[in-house]
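If you want the building blocks of each chain, they are given just below.
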Amino acid sequence: MTVPRTRYRCDHLHLRSRDAVAAGAFYVETIGAREIGREGAPVSRVILDIGGLTLFIEQAPDGLAPAASAPHLGIEHIGLAVEDIEATHADLRSRNVTIVSGITDVRPGLRVLFIEGPDAVRIEFLQRSDVA
């Protein structure tokens, strides 16, 4: 296998939204993202930091097709690690967030839950633990 000569690193994830400002607020208020910028007047892009991942939320033009229902090809969801999935679940429920699937034990040492974010973006929360 040939190793690429160019080194790659993640720069950002780019989403389109029917309301970029409201979507940005959801990520800030619900999962503790940090807003690091806005572009345009009126706002055409909200820029967030989610645990080191830069997320661009761009205002979608009118007439853009809705997101495909999951599962689908392409980026299927955003995965965020948490230390306590039970506390995360309780917090999300208290915020009236749409929970797509409750806590699921995928295999020993991996528990997940999914919510629906703005514009039908699925967000996975996962707790990993060492299993002897």
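Conventions we followed
Residues numbered from 1 in each chain as written. Predicted model: local features only at pLDDT ≥ 70, side-chain atom pairs only at ≥ 80, totals over all residues. Heavy atoms only, no water. Core = buried A, V, L, I, M, F, W, Y, C linked by side-chain atoms within 4.5 Å. Buried < 20%, exposed > 50% of the residue type's maximum accessible area, 1.4 Å probe, protein only. Helix = DSSP H or I, 4+ residues; strand = E, 2+ residues; numbered from the N terminus. Contact = heavy atoms within 4.5 Å. Arc of directions from axis to C-beta. Pairing = 2+ DSSP bridges. Axes fitted to C-alpha atoms, helices over the stretch in contact; angles between N-to-C directions.

Q: Hey, could you run me through the nonpolar core in this one?
A: Proteins that are soluble and globular tend to have nonpolar side chains buried together. Judged by nonpolar contacts, the single largest core of 23 residues is most densely connected at Tyr27, Leu55, Ile115, Ile123 and Phe125. In terms of residues, this core owes the most to one element, helix α1 (residues 20–31), which gives four residues. In this view, Tyr27 contacts Leu15, Gly32, Ala33, Leu48, Ile50, Leu55, Ile57, Ile78, Pro118, Val121 and Ile123; residues no more than four positions away in its chain are not counted.

Q: Would you mind showing me how to read helix α2 (residues 85–94) here?
A: Structural remark: α-helix, 3.6 residues per turn; residues separated by three or four positions point the same way. What α2 keeps buried is the set Ile85, Thr88, His89 and Leu92. Viewed along the axis of α2, the buried residues span an arc of 100°, placing them on a single side of the element. Close packing links the buried residues of α2 with α1, β6 (99–107), β7 (110–116) and β8 (122–128). A positive backbone phi angle near 60° is found at Asn96, which sits one or two residues after α2.

Q: How should I be thinking about the sheet that holds strand β5 (residues 78–81) in this particular structure?
A: Sheet strands line up and pair through hydrogen bonds in the backbone, either parallel or antiparallel. Spatial strand order, β5-β8-β7-β6: four strands in an open sheet with mixed pairing. Of all strands in the sheet, those bounded by a partner on one side alone are β5 and β6. For this sheet, the mean angle separating the axes of adjacent strands, direction not counted, is 20°. Pairing analysis gives four bridges linking β5 to β8, with the strands arranged parallel. Residue pairing across strands places Ile78 opposite Ile123, the latter belonging to β8. Set on the sheet, α2 makes contact with β6, β7 and β8; between it and β7 the angle comes to about 15°.

From the geometry alone we can't say anything about function, so treat these as descriptive.
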